[in-house]
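Chains, contacts and geometry: an overview
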Amino acid sequence: MTYGYAIARTKKLKRHNLAGSEAHTARTRETPNADSSKQNIRLIGSTEQNERLEDLVLATIAQYKQKRKIRTDAVYCVEILLTASPQYYRPDEPTRAGYYHEDKLKQWVDANLKWLQETYQDRIVRCELHLDEATPHLHAYLVPLDKDGQLRCNHFFDGRQKMMAFQDDYHTAMQHLGLERGIKGSKAQHQDIKDFYRIVEEGKDLEPGKLTSQQLQAKAADRDRAIRKKKEMEATAKQLVKENEALEARIQHLSAENQQLRSELKQLADQLRDLPLEDVAWHLGLTQDTKGDLRWKGVAHIINIDGSKWYDFSPSVNKGGGGAIDLVMHVNGCNFKEAIATLNDRFGESEMERAVTHHAREQAAEIAQTEPTPQFVPPVEDETNWQAVHNYLTQKRGLPSKLVQHFHTSGLVYADSQQNAVFLMRGLSGETTGAFLRGTRGEDNTFMGYTTGTKRIEGWFYIRWGGQATDQIQRVVLCKSPVESLSLATIELQTQQGMSQSRTMYLAVDSPRSLPVEFLKNIPTVVVAYDRDDAGNEMARAIKQLLPGATKMHPQALDWNEQLKEQQQQEEKLKQDRGLELD
């Protein structure tokens, strides 16, 4: 049995609103429709008459050091008003204003106090039970301090979702009293608590001739709010009907899609399933044993069929196999091509393709399980070619000699027998997974490529520096190649005049398909640094789709290596100019 609705409203109070709210709830000013012969009860907080609500709120906030200065327009307190439909308090006479069952009131008050104290603890600094109006209700004052003691009203009541959660939580606490929750998704805008008074005054029947001007204004406002409330409820009902219709249409659409998907999955399953071996045996001229067992007999054959497997028990054979193609080859004594032709002739093209697909899948699965996984083997280092590679990287590409030699000593860059610069690619845990080659022999060598066996989605050429070696990566800079990564790292090192305080990774990625997206999602700063051309812009756009939070950075020249070399030329020219000035 239900007894109407559990009703909760909130009102945010800034500092200058506190005195006015207190004057109403503490009855220090005249209140229309309030019966002065009835005594209200303060359930939480001191009964000291001189204690101001503002002082109480400020003292509660002062218990915690605020990390930021409190704004002048901040919400210092939230007034929470709680009640129930009149029929809860007086089910026998719901229109009799001011009357209530003592036991029902006590149960309701106890439940509300328990909810307030469990939900907000000592953040509730005052709570008043009003009995001098038509329907009992509570005014509770909440100082919105979060778990860290910071004044943050939006932590509790920011947005529609949090307000819905507030209403859900309150309804759960009142449910055992037989009180229902209001309609979820209501179009009513609870911007204030004025409609609350229409509820608590329900049943008040005063003769027009006996009303004061203030009471007449209050009644007129009640009527306007009641009309508005009716319109809001009608709008909510219409919206719910539309949403229900849309939901039913969506369910029907999904049901149709589900039916189609099942049909497609069945077709796919049939295509992947081998031909029934019993049908194949029949077409091959074998006859099933009359005793009803699994054996099929023919000239020099006694074949037992068990699912997709078969075994020939003929004394001269004793051989088994699996699949339709193997069975045809065995019974007809033919080769693979002839078996396929036989199945095509007896079953048709689509059924023959089923048998071939199954045969290929079975063989592929067996190979995958038995063959060892090929391991990447780095190119053999040829130290006799290192000086030529070193000269190419430092003289032609402008990379600092100390930097190149450092990575050569670390084993990340070396020369192979063809005088290629070998840049080892590693997984994020450091294991070698491949190598990128850059041709250096000749004047205009443009060769670039990956060594055979390189796993491009499991490893990259990268360098890490700045901060401490054990620090977490805070910034990743993406470039198109190892030379570009080293060039940009050099530029930033010179610009910053030393190592960065935060750990940075320069990572060579030449395709969105090889981007370590999951790793990069957890990096605070990702910089997309590709060439100043159409290809570079397209690469940046593709990466931004995968990592919307990434930032773009373009070189001043066509690419970062060109920019590095231009800067070095400018520095050399400045040195020469200074030398002339000294002469």
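Structural data are supplied above this passage.
Residues numbered from 1 in each chain as written. Predicted model: local features only at pLDDT ≥ 70, side-chain atom pairs only at ≥ 80, totals over all residues. Heavy atoms only, no water.

1. Thoughts on the packing of aromatic side chains
Under the defined criterion, the tally for this structure stands at 12 aromatic pairs. Taking the centre distance of 5.8 Å and the plane angle of 85° together, the rings of Trp-115 and Tyr-120 count as edge-to-face. These aromatic residues form a ring-pair network of at least three members: Trp-115, Tyr-120, Phe-156, Phe-157, Phe-166 and Tyr-170. A cation sits over an aromatic face here: Arg-295 above Phe-313, 4.5 Å from the ring centre. The positively charged end of Arg-426 is found above the aromatic ring belonging to Tyr-462, 4.1 Å away from the centroid. (Phe/Tyr/Trp six-rings, centres within 6.5 Å; stacked < 30°, edge-to-face > 60°. Lys NZ or Arg CZ within 6 Å of the ring centre and 35° of its normal.)

2. Some details on the packing of helix 13 (residues 386-396) against helix 14 (residues 401-409)
At their nearest, the axes of helix 13 and helix 14 sit 9 Å apart, and the two run at 140° to each other. Overall, the two elements helix 13 and helix 14 adopt an arrangement that is oblique. Judged by the sense of rotation from one axis to the other, the crossing of helix 13 with helix 14 is right-handed. Contact with helix 13, carried on its side by Trp-386, His-390, Leu-393 and Thr-394, involves Ser-401, Val-404, Gln-405 and His-408 of helix 14 and no other residues of that element. Here the contact of helix 13 with helix 14 is composed, by residue class, of three nonpolar, five polar and no charged. (Axes fitted to C-alpha atoms, helices over the stretch in contact; angles between N-to-C directions. Helix = DSSP H or I, 4+ residues; strand = E, 2+ residues; numbered from the N terminus. Parallel < 35°, antiparallel > 145°, perpendicular 65-115°, else oblique. Left-handed = near helix turned anticlockwise from the far one by under 90°. Contact = heavy atoms within 4.5 Å. Nonpolar A, V, L, I, M, F, W, Y, C, P; charged D, E, K, R; others polar.)

3. With respect to helix 2 (residues 53-62)
Along helix 2, the residues that are buried comprise Leu-53, Glu-54, Leu-56, Val-57, Thr-60 and Ile-61. For helix 2, the angular spread of buried residues about the axis comes to 165°, placing them on one side. Packing partners of the buried residues in helix 2 comprise helix 1 (18-25), strand 3 (75-84), strand 4 (124-130) and strand 5 (137-142). (Buried < 20%, exposed > 50% of the residue type's maximum accessible area, 1.4 Å probe, protein only. Arc of directions from axis to C-beta.)

4. Re the side chain of Ser-485
Examined against the element boundaries, Ser-485 turns out to sit in helix 15 (residues 482-496). Ignoring sequence-local partners within four residues, the contact set of Ser-485 consists of Cys-479, Tyr-506, Leu-507 and Ala-508.

5. Considerations on the sheet that holds strand 13 (residues 432-439)
With antiparallel pairing, the four strands of this open sheet are ordered in space as 11-12-13-14. Whereas interior strands pair on both sides, the edge strands pair on one side only; in this sheet they are strand 11 (413-415) and strand 14 (448-450). Here the strands of the sheet are splayed against their neighbours by 25° on average, with no regard to which way each runs. Note: strand 13 against strand 14, three bridges, orientation antiparallel. Looking across to strand 14, one finds that Phe-436 is bridged to Tyr-450. Sitting on the sheet, helix 13 is in contact with strand 11, strand 12 (420-426) and strand 13, with an inclination near 125° to strand 11. (Pairing = 2+ DSSP bridges.)

6. Focus on the sheet that holds strand 6 (residues 287-288)
Taken together, five strands build an open sheet; the order of strands is 6-7-8-9-10 and the sheet is antiparallel. The outermost strands of the open sheet, each flanked by one partner alone, are strand 6 and strand 10 (319-322). As paired strands, strand 6 and strand 7 (residues 295-298) are joined by two bridges and run antiparallel to one another. Note that in strand 7 the partner of Gln-288 across the bridge is Trp-296. In the packing of helix 10 (residues 324-332) onto the sheet, contacts are made with strand 8 (301-306), strand 9 (309-312) and strand 10, and the angle to strand 8 comes to roughly 170°.

7. A word on helix 6 (residues 160-174)
In this model, helix 6 (15 residues) spans 21 Å end to end at C-alpha, consistent with the 21 Å of a helix rising 1.5 Å per residue. Residues Phe-166, Gln-167, Tyr-170, His-171 and Met-174 constitute the buried set of helix 6. An end-on view of helix 6 places all buried positions within 125° of arc, on one side of the element. Counted as exposed and oriented over 90 degrees from the buried face of helix 6: Gln-161 and Thr-172. Elements that come into contact with the buried residues of helix 6 comprise strand 1 (6-14), strand 3, helix 4 (102-120) and helix 5 (154-157). (Expected span 1.5 Å × (residues − 1).)

8. Quick word on unusual backbone geometry
Of note, the phi angle at Arg-27 is positive, near 60°, even though the residue is not glycine. Structurally, Arg-27 can be placed in the loop between helix 1 and strand 2 (41-44). Within the chain, Gln-419 stands out as a residue other than glycine whose phi angle is a positive 65°. Counting through the fold element by element, Gln-419 comes out in the loop between strand 11 and strand 12.

9. A look at the packing of helix 4 against helix 6
Two numbers describe how helix 4 lies on helix 6: the axes approach to 9 Å, and their chain directions differ by 135°. Put simply, helix 4 runs oblique to helix 6. Crossing angle aside, the handedness with which helix 4 passes helix 6 is right-handed. The segment helix 4 lies against helix 6, with Trp-108, Ala-111, Asn-112, Trp-115, Thr-119 and Tyr-120 engaging Phe-166, Asp-169, Tyr-170, Ala-173 and Met-174. Tallied by class, the residues present in the contact of helix 4 with helix 6 amount to eight nonpolar, two polar and one charged.

Read these as layout, nothing more, since geometry by itself doesn't imply function.
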